[in-house]
Amino acid sequence: MYTGVCGHSNMDEQATKKNTNVGRFLIVALLALALVFLNMQHIKFKQFSISGSKAAWIRYPAPKNHSTLQQEVKMPKTEWIHKLMQHGYQNHSFTLEERTEGTELMKMIEWPMPPDSSVPFRKSSDPLHTCFTILNSQKTFHVGDQLQVMLRMFDFDGNPKEYGGDYLQVRIHTPELKAGSAGTVVDNQNGYYYINFTLSWPGKVQVSVSLVHPSEGVKVLKRLREERPDRVYLKSTFKAGAISKSTVCNLILTPTKPLCNFTDLRTGEPWFCYKPENLPCSTRINHAVGGYLTDVLIGEERLFIQSKINVKKPILPCATGYIIVEPSPQPTTVVDECVQGKPMLSPSGFYYKDQWMSLTCNIHRFNTPAKVTEC
């Protein structure tokens, strides 16, 4: 009996060893599969994660003000982060939220540029050679209808332009009613623009279109923004006892003399002032606008931003510049009270009798100081 029991024990021991070996083999196999999967994901991420780029990454040192660990912060190489780093953001680690917000802001200010690197002034947008046309102007319009206007841009030689990028401001208004509303501009990128309005009040409604900046002028402003951030400079006063001196301050300064570093320790936002002679940086007492640099334009650039020629110049109608709007045959729609988070339309409202009228909700008005105090 005893021998039989020992025989069963040996068989169980061998079976256990066999099962253990199988288990180890399975674990190793699963780990290998996991590594292969992660490697494939890494390859896929490198190919497609950063829209259109080669997934180049850049490393910046961790901010000394926030951590004592000697580690590196890895972030995608984006154009706007590079520019911030060049302008003094060396000691700031951008969070995912900051990077997302920065990317969205840069997209908001993107603007189409002229296709040629240099456009002669005579080939740039001329508001005097351009006019707009109200489409279907003979139609009977009612409150709530859409109004569409077409515009084709011409140059100073009277030739039609074949690219877009002009900055236009458009509105409809009725001065007698103190009513007005903005429109939406659609740039077809071929010299044609379509402008859409929502008709929100009855009566004679006039259309106004202005060329704020030609596309060539926008290009000049973009260059100044990127290459000459110092064109607007500021000043600070340093004072200790009877000694008072002012120096120039800005986001970035040429280190021709000692600097005072007032970079924000929390956000990493850079700010520098030239150090006054015989005064420490800690004696700064104020901050104010200093002035504007004037000698920043190159070649013909000044011609593209002339206030009386092509900046904020009205564009006249080709024919009639107004329509008559009839009251709506439909009953007025009652809107709910305005609440936080309610989606907005574009445009979100209009002025009527000098009061703002929302198209999405019923605004709570405060017509007297007492109403404001009660709230």
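Just so you know, these numbers come straight off a predicted model, no measurement behind them. (Residues numbered from 1 in each chain as written. Predicted model: local features only at pLDDT ≥ 70, side-chain atom pairs only at ≥ 80, totals over all residues. Heavy atoms only, no water.)

Another aspect to go through is the overall build of the chain. The secondary structure content of the chain amounts to five helices and 19 strands. Long-range contacts, defined as pairs at least 24 residues apart, comprise 65% of the intrachain contacts of the chain with a sequence gap of at least 6. Total accessible area computed for the chain in this model is approximately 25100 Å², and 57% of it derives from carbon and sulfur atoms. (Helix = DSSP H or I, 4+ residues; strand = E, 2+ residues; numbered from the N terminus. Contact = heavy atoms within 4.5 Å. Areas by Shrake-Rupley, 256 points an atom, 1.4 Å probe, with all protein chains shown as cover.)

All told, the structure shown has eight salt bridges when counted by the stated rule. Here Asp 157 makes a salt bridge to Lys 123, at a shortest N to O gap of 3.5 Å. One end of the pair, Asp 157, is in the loop between β5 (146–152) and β6 (167–174); the other, Lys 123, is in the loop between α3 (96–108) and β3 (131–134), and 34 residues separate them in sequence. According to the relative accessible area criterion, Asp 157 is partly exposed, its value standing at 38%. Looking at Lys 123, the relative accessible area reads 37%, which means it is partly exposed. Each of Arg 122, Lys 123 and Asp 157 takes part in one network of salt bridges that share partners. (Salt bridge = Lys/Arg side-chain N within 4 Å of Asp/Glu carboxyl O. Buried < 20%, exposed > 50% of the residue type's maximum accessible area, 1.4 Å probe, protein only.)

One open sheet accounts for five strands, arranged β13-β14-β12-β11-β15; its pairing is antiparallel. With one partner strand each, in any of the chains shown, β13 (259–261) and β15 (288–292) form the two edges of the open sheet. Across the sheet, the mean angle separating the axes of adjacent strands is 35° when strand polarity is ignored. (Pairing = 2+ DSSP bridges. Axes fitted to C-alpha atoms, helices over the stretch in contact; angles between N-to-C directions.)

Our next topic: the side chain of Ser 124. Note on placement: Ser 124 falls in the loop between α3 and β3. Since its relative accessible area comes to 0%, Ser 124 is described here as buried. Residues contacting Ser 124, with those up to four places away along its chain left out, are Val 119, Phe 154, Asp 155, Phe 156, Lys 161, Glu 216 and Phe 304.

Our focus in this paragraph is the packing of aromatic side chains. Applying the stated criterion to the full structure yields six aromatic pairs. Aromatic side chains Tyr 351 and Trp 356 sit 5.2 Å apart centroid to centroid with 70° between the ring planes, which places their arrangement in the edge-to-face category. By relative accessible area, Tyr 351 is classed as partly exposed at 43%. Note on Trp 356: relative accessible area 30%, which makes it partly exposed. One aromatic cluster is present, built from ring pairs that chain together Phe 121, Phe 156 and Phe 304. The ring of Tyr 274 has Lys 257 lying over it, and the distance from NZ or CZ to the ring centre is 5.1 Å. Seen from the ring of Phe 262, Arg 284 lies directly overhead, with NZ or CZ sitting 3.9 Å from the centre. (Phe/Tyr/Trp six-rings, centres within 6.5 Å; stacked < 30°, edge-to-face > 60°. Lys NZ or Arg CZ within 6 Å of the ring centre and 35° of its normal.)

Next up on the list: helix α4 (residues 215–227). Look at α4: 18 Å from first C-alpha to last across 13 residues, which is about the 18 Å you get at 1.5 Å a residue. In the core, the buried residues of α4 are packed alongside β6 and β10 (203–213). (Expected span 1.5 Å × (residues − 1).)

A few words on the nonpolar core. Soluble globular proteins tend to pack their nonpolar side chains together in the buried interior. Counting residues in hydrophobic clusters, the biggest one holds 24 residues, and the most contacted among them are Leu 147 and Val 207. Those elements that provide at least two residues to this core are β3, β5, β6, β9 (192–198), β10 and β17 (322–326). At four residues, β10 tops the list of elements feeding residues into this core. Contact partners of Leu 147, with chain neighbours within four places excluded, come to Ile 134, Phe 141, Ile 172, Ile 195, Asn 196, Phe 197, Leu 199, Val 207 and Ile 323. (Core = buried A, V, L, I, M, F, W, Y, C linked by side-chain atoms within 4.5 Å.)

Another aspect to go through is the confidence of the model for the chain. Across the chain, the average pLDDT comes to 80, with 75% of residues at 70 or higher. Every residue in residues 1–23 scores below 50 in pLDDT, and together they form zero contacts with partners more than four places removed in sequence or on other chains. Across residues 25–77 the pLDDT falls below 50, and counting only partners more than four positions away or on other chains, this stretch makes 43 contacts in the model. (pLDDT = per-residue confidence, 0-100.)

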